[in-house]
Amino acid sequence: MLMHVNSCLQNRYLIVIDDIWSKSAWETIQCAFPKNACGSIIIMTTRINTVAKCCCSSDEDFVYKMQHLNKRDSKSLFLKRTFGSKDKCPLQLEQIMDEILQKCDGLPLAIITIASLLADKPKTKAEWTRARNSIGSMREKDIELEVIDKIISLSYCDLPRNIKTCLLYLSIFPEDSEISRDCLIWRWIAEGFIVAKHGYSLKELGESYFNELINRSMIQPVHMDYGGTARSCRVHDIILDFIITKSTEENLVTILDGQDFSTSSSDKIRRLSIRKKKKIVDPGIVEFRFTNDNDMVNFFWDTEFDEGTLLQETMSFSHLRSLTLFGPVNWMPPLLDRHVLRVLDLHGCHHMMNDHIEDIGNLCQLRYLGLGRTYIKILPVQIRKLEFLQTIDIRGTCVQELPRSITELKQLMRLESDSIELPDGFANMAALQELSWLHVCKISRNFAQDLGNLSNLRVLKIILHPQFLSYCQEIYQESLVSSLCKLGEHNLRYLHIKHNAGEIDFLVDSWWPPPRLLQKFVMNGFCYFSRFPKWINSSLSELSYLDIDVKVIAEEELNMLGGLPSLRVLRLFLNRIPEEGFTVSSGGFQYLSEFHLHNGHGPGIKFKAGAMPNVQVLVCSFHACESVRVYGDFDFGVQHLSSLGRINVEICYTDERVVFLLEAAESAIKNEIKLLPKHPMFMIRRKFNRNSCMYYA
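Conventions and cut-offs
- Counting starts from 1 at the beginning of each chain's written sequence and moves along it residue by residue.
- Local features in this predicted model are restricted to residues whose pLDDT is 70 or higher, and side-chain atom pairs enter the listing and the counts only when it is 80 or higher, whereas totals over whole chains, interfaces and linings include all residues.
- Hydrogens and waters are ignored; side-chain quantities use all the structure's heavy atoms.
- What is meant by a nonpolar core is a set of buried Ala, Val, Leu, Ile, Met, Phe, Trp, Tyr and Cys residues, joined one to another through side-chain atoms within 4.5 Å.
- Burial classes: relative accessible area under 20% of the type maximum marks a residue as buried, over 50% as exposed, and values in between as partly exposed (1.4 Å probe, protein chains only).
- Two residues qualify as a contact provided that any one of their heavy atoms is within 4.5 Å of a heavy atom in the partner residue.
- By definition, a salt bridge exists where a carboxyl oxygen of Asp or Glu is found within 4 Å of a side-chain nitrogen of Lys or Arg.
- Numbering of helices and strands runs from the N terminus, with a helix taken as a DSSP run of H or I at least four residues long and a strand as a DSSP run of E at least two residues long.
- In this description, strands pair whenever DSSP reports at least two bridges between them.
- For helices, the fitted line uses only the C-alpha atoms of the stretch in contact; every axis is such a line through C-alpha atoms, and the angle between N-to-C directions lies from 0 to 180 degrees.
- Between 65 and 115 degrees an angle is taken as roughly perpendicular, under 35 as roughly parallel, over 145 as roughly antiparallel, and anywhere else as oblique.
- Take the far helix as the reference: if the near one is turned anticlockwise from it by less than a right angle, the crossing is left-handed, and if turned clockwise, right-handed.
- Gly is placed with the polar residues, together with every amino acid not listed as nonpolar (Ala, Val, Leu, Ile, Met, Phe, Trp, Tyr, Cys and Pro) or charged (Asp, Glu, Lys and Arg).
- By definition, the arc is the one covered by directions from the helix axis to the C-beta atoms.

Enquirer: Just checking my understanding: could you explain the nonpolar core for this structure?
Expert: As a rule of thumb, nonpolar side chains are buried together in soluble globular proteins. Of all hydrophobic cores here, the largest spans 120 residues; its most connected members are Leu 460 and Phe 595. Ignoring anything within four residues of it in the chain, the contact list for Leu 460 reads Leu 435, Leu 438, Leu 451, Leu 484, Leu 487, Leu 492, Tyr 494, Leu 495 and His 496. Core analysis: the next-biggest nonpolar cluster, separate from the first, contains 68 residues, Cys 89, Phe 242, Leu 252 and Ala 431 among them.

This is the structure in structure tokens:
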């Protein structure tokens, strides 16, 4: 094995190894690197000085110690998080702020954590003094992690009790995991951590818990959506260490991670997280493999550790409330007699097959069933026994049909799939709030009644089969419209339609009354409206995201969209617009943050001063020749969109002889972009017969 590694790394290379925690880890890793004179570089990061020195193999090696923030930068970071400003602090709090920053000693995580705590507190001397007195000093550099731990502990203790539990629950997920917001919230709901509140759904309350943890900097937001909300999160390593310690002390979570077994003194396992590490065939040897695509280095850890044997011999599963598996785990506790299990999440465990869940009917308290990206092909008929089940996630599986018995799940609130057909009588699942993707082909006579009676449905994603839109299926189209009309009068917030067979005009005029609570409408695949739908009008005051493909749109319809008070993202895919193009004047689209305009013909759009004052992302396409013919130049007014941070432009042409026009268009756009105060990133692309050249800056 070592000879194979050496042969792969004989040439010059640069490798970065992040976050080494022990000398033994480096001693194992370094055996894989050949010693030669090729000038290769290995960079390691660690928080521990002794480990850093251990990684140095010669006098020529260098340990770079990251400098803490200076006083000015520390103050700027603190004020920006606490007050939203870099230079404003009440005079009576100046001295206490300086004392707090002195204790933080320039550590960014410590500053952010304590500032996040104080941001939501009364700005009083007593409150800030209490926070200052709760953290230790930084007189000795070796105890900096202890000070951070005290600050994290202070922030943790300040959390409401239910949110504390929600935070500790994150110890279930491995280090550096990207944790889906929606999946996490539905797991919190299944565990009973979300306390019902009049006027709010459990999902909305869970979102408020999630946002509170972000506001307090206890979790890090990942993949921000159009409304500024994170679609997922990560937990900083230091905070993760803290919550693992806390959750172990409280016997909230037991972690089995290769040879590491983290549990409390209690022999009752309540929530079990099993992570399968990769193999180290022999001690001290690391296996390297190179991908064919880009020769990136992949490390493959493994272990001969028998998790199942250890657990079955030493622990009781009778109190197990949650079981989560990560990685290539091929063992799980038997499901017989697991009467208190609420969460079973096998997502991504490719070794899991149908025989692993054949006893699922015994899980009489199960609320959350995550089977995504497993080899499970059929849901057992016994699923009808899970009368408290709230979530089923079968995305990335081969499950295409659901057993008829699923209609007996009256508490089911969320059904996630890639494509699924529901049996007759699914209206019995009256608690359903989220349903995706419902495959609509030949629907039964009862389909409209079933779908329309799901009055709690908030999220609906449907796939339209080409056969559904044929002439003989007119009765089915009417049934679907009837269902959507009913849902629109109840709680429908998000509708996503996927279709690959063209026109879907059966929805243009027939959706009445308009869905007053609709917040997001998306259509994709090869589908479009021949004209702008009548139901998209000024009455949709909650609409914040619109992604629509329509053959033709009039300027008054665009102006109507510009007046919608909640619209944040607009994606228009058009085939034809008025010959003179669109002009967006001052006052239009006051709250829009992202605008996409894709136009198959014609010049596109022109922006006047004051238009779209908050737009941050602009994606548009136009035809070079048509633009010159109509406007006479390439002045689109991009320089008036002062908030822009990113611009993507596509210039279309159909004749190689007009290359000079493309160059003129590119030059004009670049000159406009130079006038923008934020100096946005931009991309300009030429499009001709599916071939394109891209220019990045």
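Now that the structure has been shown, we can carry on.
Enquirer: Would you explain the pattern of salt bridges in this entry?
Expert: Pairing between side chains of opposite charge can happen when the charged atoms of each approach one another. Per the counting criterion, the structure on display carries 24 salt bridges. Residue Glu 127 pairs with Arg 130 through a salt bridge whose shortest N-O separation is 3.1 Å. One end of the pair is Glu 127 and the other is Arg 130, both in helix H7 (residues 125-133) and three residues apart, which spans about a single turn. Residue class for Arg 130 comes out partly exposed when judged on its relative accessible area of 49%.

Enquirer: When you look at the sheet that holds strand E5 (residues 230-234) in this model, what are you seeing that I'm missing?
Expert: Within a sheet, adjacent strands bond to each other through the backbone by hydrogen bonds, running parallel or antiparallel. Spatially, the three strands line up as an open sheet ordered E3-E5-E4, and their pairing is antiparallel. Pairing within the sheet leaves two strands with one partner each, and these edge strands are strand E3 (179-180) and strand E4 (220-224). Where E4 and E5 come together, four bridges link them in antiparallel fashion. From the neighbouring strand, Gln 220 faces E5, where its bridge partner is Arg 234.

Enquirer: Got a minute to help me understand the packing of helix H4 (residues 71-83) against helix H6 (residues 108-119) in this structure?
Expert: To describe two helices that pack against each other, one gives the angle between their axes and the distance between the axes. In contact at an axis separation of 8 Å, H4 and H6 are set at 30 degrees when each is read in the N-to-C sense. As far as their axial angle goes, H6 and H4 are roughly parallel. Seen from above, H4 lies across H6 with right-handed handedness. Residues Ser 74, Leu 77, Phe 78, Arg 81 and Thr 82 of H4 lie in contact with H6, whose contacting residues are Pro 108, Ile 111, Ile 112, Ile 114, Ala 115, Ser 116, Leu 118 and Ala 119. Looking at the contact of H4 with H6, its residues break down into nine nonpolar, three polar and one charged.

Enquirer: Please clarify how the pairing of strand E1 (residues 14-17) should be interpreted in this entry.
Expert: In the case of a regular strand, side chains alternate between the two sheet surfaces. The side-chain alternation of E1 yields one buried face, formed by Ile 15 and Ile 17, and one unburied face, formed by Leu 14 and Val 16. As defined by bridge partners, E1 adjoins strand E2 (residues 41-44) across four bridges and the pair is classed as parallel. Bridging from a neighbouring strand, Ile 17 pairs with Met 44 of E2.

Enquirer: Would you mind showing me how to read helix H5 (residues 94-104) here?
Expert: An α-helical segment advances 3.6 residues per turn. Residues three or four places apart therefore align on the same side. When we look at burial in H5, the residues that qualify are Ile 96, Met 97, Ile 100, Leu 101, Lys 103 and Cys 104. Each buried residue of H5 lies within a common arc of 155 degrees when the element is viewed along its axis, so the set occupies one face. Exposed side chains of H5 directed beyond 90 degrees from the buried face belong to Gln 95 and Gln 102. One or two steps after H5, the chain reaches Asp 105, where phi turns positive at roughly 55 degrees.

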